[in-house]
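Descriptive structure summary
This is what each chain is made of:
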Amino acid sequence: MKPSGFQLENFPFDLLLHKLKPEKLIHLVTALLLERKIVLIKDEIGDIALIMQGLLTLLNPFQWCFTIITYLNRDLVDMLDAPFPFLIGVSTSTWEDICTLKDFSDDIYVFDLES
């Protein structure tokens, strides 16, 4: 029998809470709830997936029903022009290369998790 009530997954939130200030965390969750295009930039690629999972878990009881890409490589840069909401992780070095090559629309929310 499934218990009722508010539940979070058995997931460690340490990385999410240590890397994000409360203001940035609120902005990220708000952007997710408003179904925005979100890019997370981080040096450690492995951390991006954990941070994304923590963010999506915080949406409970809601669910993210759009595209999730934990690591965007240079071949998939055109995904950033998609007409639908997404949550995409990019390494800092890849983002610096992409920024110099493309001009993105204003509806993409970019969160640098290193600064």
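All of the points below concern the structure found in this document. (Residues numbered from 1 in each chain as written. Predicted model: local features only at pLDDT ≥ 70, side-chain atom pairs only at ≥ 80, totals over all residues. Heavy atoms only, no water.)

All right, on to the side chain of Thr57 then. Locating Thr57 in the fold gives a position in helix 3 (residues 45–58). A distance of 2.7 Å separates the side chain of Thr57 from the backbone oxygen of Gln53, its partner in a polar contact. (Helix = DSSP H or I, 4+ residues; strand = E, 2+ residues; numbered from the N terminus. Polar contact = N/O pair within 3.5 Å; in protein donor to acceptor, adjacent residues only side chain to side chain.)

For the rest of this paragraph, the subject is the nonpolar core. If you look at the biggest cluster of nonpolar residues, it comprises 20 residues, and the most contacted ones within it are Leu16, Leu28, Leu32, Ile38, Leu40, Leu55 and Leu87. Residue assignment for this core shows that the elements contributing at least two residues are helix 2 (22–33), strand 1 (37–42) and helix 3. Leave out the neighbours within four places in its chain, and Leu55 touches Leu16, Leu25, Leu28, Val29, Leu32 and Leu40. Of all hydrophobic cores here, the second largest spans 14 residues; its members include Leu80, Phe86, Ile88 and Trp95. (Core = buried A, V, L, I, M, F, W, Y, C linked by side-chain atoms within 4.5 Å. Buried < 20%, exposed > 50% of the residue type's maximum accessible area, 1.4 Å probe, protein only. Contact = heavy atoms within 4.5 Å.)

Our focus in this paragraph is the packing of aromatic side chains. Across all of its chains, the model carries one aromatic pair by this definition. Consider the rings of Trp64 and Phe66, whose centres lie 5.3 Å apart with planes at 70°: the pair is edge-to-face. Judged by its relative accessible area of 12%, Trp64 falls in the buried class. (Phe/Tyr/Trp six-rings, centres within 6.5 Å; stacked < 30°, edge-to-face > 60°.)

Before going further, it helps to spend a moment on the pairing of strand 1. Across the six residues of strand 1, six count as buried, placing the element largely inside the fold. Here strand 1 shows a buried face lined by Lys37, Val39 and Ile41 and a second buried face lined by Ile38, Leu40 and Lys42. Pairing of strand 1 with strand 3 (residues 86–91), which is carried by six bridges, proceeds in the parallel orientation. Looking at the pairing, Leu40 lines up with Gly89 of strand 3. Across five bridges, the pairing between strand 1 and strand 4 (residues 108–112) is parallel. Looking across to strand 4, one finds that Leu40 is bridged to Phe111. (Pairing = 2+ DSSP bridges.)

For the rest of this paragraph, the subject is helix 2. Between its first and last C-alpha atoms helix 2 spans 16 Å; for twelve residues at 1.5 Å apiece the expected length is 16 Å, and the two agree. Where helix 2 is concerned, the buried positions are Leu25, Leu28, Val29, Ala31 and Leu32. For helix 2, the angular spread of the buried residues around the axis is 160°, confining them to a single face. Every exposed residue of helix 2 that faces more than 90 degrees away from the buried side is listed here: Pro22, Glu23, Ile26 and His27. Buried residues along helix 2 sit against helix 1 (14–19), strand 1, helix 3, strand 3 and strand 4. (Expected span 1.5 Å × (residues − 1). Arc of directions from axis to C-beta.)

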